[in-house]
Amino acid sequence: MIPNEDEYYMSLALKQAERALEDEEIPVGAVVVCQGKIVAKAYNQTEILTDVTAHAEMIAITSAAQTIGAKYLKDCTLYVTLEPCLMCAGAIYWSQLGRLVYGASEEKRGFEKLGTGILHPKTEIVGGVLANESEQLLKEFFSMRR
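Residues numbered from 1 in each chain as written. Predicted model: local features only at pLDDT ≥ 70, side-chain atom pairs only at ≥ 80, totals over all residues. Heavy atoms only, no water.

**Looking at the overall build of the protein**
Note the threshold: The secondary structure listing takes helices from DSSP runs of H or I that are at least 4 residues long and strands from runs of E that are at least 2 residues long, numbered from the N terminus. Here the radius of gyration uses the C-alpha set of atoms, whereas the globule reference equals 2.2 Å times the residue count to the power 0.38. Between two residues, a contact is recorded if the distance between any of their heavy atoms is within 4.5 Å. Surface exposure here means Shrake-Rupley accessible area, sampled with a 1.4 Å probe, where a residue is shielded only by the protein chains that are shown. Note that His is not counted, nor are the chain ends; the positive residues are Lys and Arg, and the negative ones are Asp and Glu. By convention, the charge on Lys lies at NZ, on Arg at CZ, on Asp at CG and on Glu at CD.
In terms of helices and strands, the protein carries five helices and five strands. The secondary structure elements of the protein, listed N-terminal to C-terminal, are α-β-β-α-α-β-α-β-β-α. The C-alpha radius of gyration computed for the protein amounts to 14 Å, which stays within 12% of the reference 15 Å derived for 146 residues, consistent with globular compactness. Viewed in the frame of its principal axes, the protein has a C-alpha envelope of about 40 × 30 × 30 Å. Residue pairs in contact within the protein that sit at least 24 positions apart in sequence constitute 57% of those at least 6 positions apart. Summed over all atoms, the accessible surface of the protein reaches about 7900 Å², with 49% contributed by carbon and sulfur. Separation between the mean location of the 14 positive side-chain charges and that of the 20 negative ones in the protein comes to 4 Å.

Okay, here's the thing in structure tokens:
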């Protein structure tokens, strides 16, 4: 067991978010861990791919499923730097993700604002892990845009 395991994996997701920032994408990064092994890393690529569905979570879920050879991610944890939107929450639901850990809350479009029952009932949710670091990247991105 890694000390501060959630913070460790979230720091790796933050590195993915930094890659997004370098590519002038909204800086959101994700890492999927399954039974102690990293099975996917991703960052937002909506501009690069010209695809509104190319959120970090969506790419990470697809990659993780391909890596482990299963459509269900019951034994996996998704670490993402920003609270998932409704679209990503739907993908998390359908993948039956075992655990979701996110950094910053998304005040406008986050799934938690929309009520309970959006994620699979067995999915454990942990929010606020390295939230300040995640928020700082987002502030940096949006200050460059204004």
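**Some remarks on the sheet that holds strand β4 (residues 99–104)**
Short version of the rule: By this definition, two strands are paired if DSSP reports at least two bridges between them. Here an angle of 0 to 180 degrees is reported between the N-to-C directions of two axes, which are lines fitted to C-alpha atoms, with helices fitted over the stretch in contact.
Reading across the sheet, the five strands line up as β2-β1-β3-β4-β5 and stay open at both edges, with mixed pairing between neighbours. Edge positions in the sheet fall to β2 (37–43) and β5 (124–126), since each has one partner strand and no second. Adjacent strand axes in the sheet meet at a mean angle of 15 degrees when their direction is disregarded. By the bridge criterion, three bridges tie β4 to β5 in an arrangement that is parallel. Note on β5: the bridge partner recorded for Arg99 is Glu124.

**What to know about the pairing of β2**
Sheet topology places strand β1 (residues 29–34) next to β2; six bridges connect them, and they run antiparallel. Considered in β2, the bridge of Val32 is made with Ala40.

**Observations regarding helix α4 (residues 86–95)**
Just so we agree on the cut-off: Three exposure classes are used, based on accessible area relative to the maximum for each residue type with a 1.4 Å probe and protein chains only: buried under 20%, partly exposed in between, and exposed over 50%. When we speak of the arc, we mean the arc of directions from the helix axis to the C-beta atoms.
Of all the positions in α4, only Cys88, Ala89, Ala91, Ile92 and Ser95 are classed as buried. When α4 is viewed along its axis, its buried side chains cluster within an angular range of 160 degrees and face the same direction. If you follow the buried residues of α4, they end up packed against α3 (56–68), β3 (76–82) and β4. Downstream of α4 by a residue or two, Gln96 has a phi angle that is positive, lying close to 55 degrees.

**Digging into the nonpolar core**
For the record, the criterion: Only buried residues count toward a nonpolar core. Its members are Ala, Val, Leu, Ile, Met, Phe, Trp, Tyr and Cys residues joined through side-chain atoms within 4.5 Å.
By size, the foremost hydrophobic cluster in this structure holds 27 residues, and its most contacted members are Val32, Leu78, Ile92, Leu97, Leu100 and Phe111. Elements represented by at least two residues in this core include exactly β1, β2, α3, β3, α4 and β4. Apart from residues lying up to four places away in sequence, Phe111 is in contact with Glu83, Pro84, Cys85, Ala89, Leu100, Tyr102, Ile118, Leu119 and Ile125.

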